[in-house]
Amino acid sequence: MTTDTRQTGRALVLGGGGIAGIGWEAGLIVGLQGAGVDLTHADLIVGTSAGSVVGAMIATGVDLPLAIDDIAGRAEAEAEPPAPADFSAMLAAFAVLFDTDLEPQEARARVGAMALKASVAEGADRIKEIGDRLPSHEWPERPLLITAVDTADGAFVVWDRDSAASLPLAVASSCAVPCVFPPVEIDGRFYMDGGVRSVTNADLAAGSSAVVIIEPMAHLSPRTLLERELEALATANVTMIGPDQHAIEVFGNDVLNPTLWRPAYHAGIIQAGAVVDRVQEVWKA
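**Quick look at the packing of aromatic side chains**
As enumerated under the stated definition, the model contains 2 aromatic pairs in all. Geometrically, the ring pair formed by Trp159 and Tyr191 is edge-to-face, given 4.9 Å between the ring centres and 75° between the ring planes. Remark: Tyr191 occurs in strand β6 (residues 189-193) and Trp159 occurs in strand β4 (residues 156-159); sequence separation between them is 32 residues. Both residues of the pair, Trp159 and Tyr191, belong to the buried class. Its guanidinium or amino end placed over the ring of Phe156, Arg197 lies 4.3 Å from that ring's centre, counting from NZ or CZ.

Written as structure tokens, this is what we have:
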């Protein structure tokens, strides 16, 4: 595990957002590629939760349209789709994170305890599949940072190719939404979604000259934390992209809905045309 994030060059930060977030981020990146702006050439990729899936795909050179088509096809072929997630326990957990009377790591530790006690064993296979279904299981040569949180003490963890986690386990841990999916065991400890610390963790790109932040949950996430992360990127040329109104409507109220793979992907492709100019201004500066 490493937390030394001093970097140079261009960074792509991919935030959390469930199945909707994966599809939309992939579509946005593919749409921007078609418009002449290729974010897949980033010198550093930071992935949190949904962003860890897309980040792993990009960093390992996967063909995104083919990958999303394959994943969507598998979901559509399931004889019995998974039951809709119960978000009530998750919302209670995240309410702890917004308690300003608690130090952030203490709040994360409390959420970790809730995640360990939650009765979500039925989600174990689903969270394992997230990593197992990656087209490549090998860490890439170029810098890829995947975020997670230790359930025992709330410590923020950054997985990379030199850490104890395999790429599939790193991605699964980053996607282990507390009280929806069980924490993921790595080297004897249990880890949950990196979004518990931040939906973007954009400060990991500090030191980069240009940063593009793609944030599927921008319309629902408090701006205070992102503003602090942007302060850490003070020397960088930065732009942030959140979903437009069409994408928000596509996402609906359940971003983990397995029917969203294709609609969210196409929403991202459509939105790319509206943001290409400002992304190009940052990426090609």
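**Let's talk about the pattern of salt bridges**
Summed over all chains, the structure comprises 10 salt bridges. Close ionic contact of Glu76 with Arg262 constitutes a salt bridge, the shortest N to O distance being 2.7 Å. One end of the pair, Glu76, is in helix α3 (residues 64-77); the other, Arg262, is in helix α10 (residues 261-283), with 186 residues separating them in the sequence. Judged by its relative accessible area of 52%, Glu76 is exposed. In this structure Arg262 comes out as partly exposed when scored by relative accessible area, which is 27%. Among the ionic pairs, Glu129 bridges to Arg133, the shortest N-O distance being 3.7 Å. Overall, the relative accessible area of 32% leaves Glu129 in the partly exposed class. What emerges from the salt-bridge pattern is a single network uniting Asp69, Glu76 and Arg262.

**Examining unusual backbone geometry**
A positive phi angle, close to 55°, is found at Asp187, a residue other than glycine. By the secondary structure assignment, Asp187 is in the loop between β5 (184-186) and β6. Residue Asp187 is classed as exposed on the basis of its relative accessible area of 69%. Here Asn201, not a glycine, exhibits a phi torsion of approximately 55°, which is positive. Structurally, Asn201 can be placed in the loop between β6 and β7 (210-214). On the accessibility criterion, Asn201 (0% relative accessible area) is buried.

Reading the values: rules and limits
Residues numbered from 1 in each chain as written. Predicted model: local features only at pLDDT ≥ 70, side-chain atom pairs only at ≥ 80, totals over all residues. Heavy atoms only, no water. Phe/Tyr/Trp six-rings, centres within 6.5 Å; stacked < 30°, edge-to-face > 60°. Helix = DSSP H or I, 4+ residues; strand = E, 2+ residues; numbered from the N terminus. Buried < 20%, exposed > 50% of the residue type's maximum accessible area, 1.4 Å probe, protein only. Lys NZ or Arg CZ within 6 Å of the ring centre and 35° of its normal. Salt bridge = Lys/Arg side-chain N within 4 Å of Asp/Glu carboxyl O.

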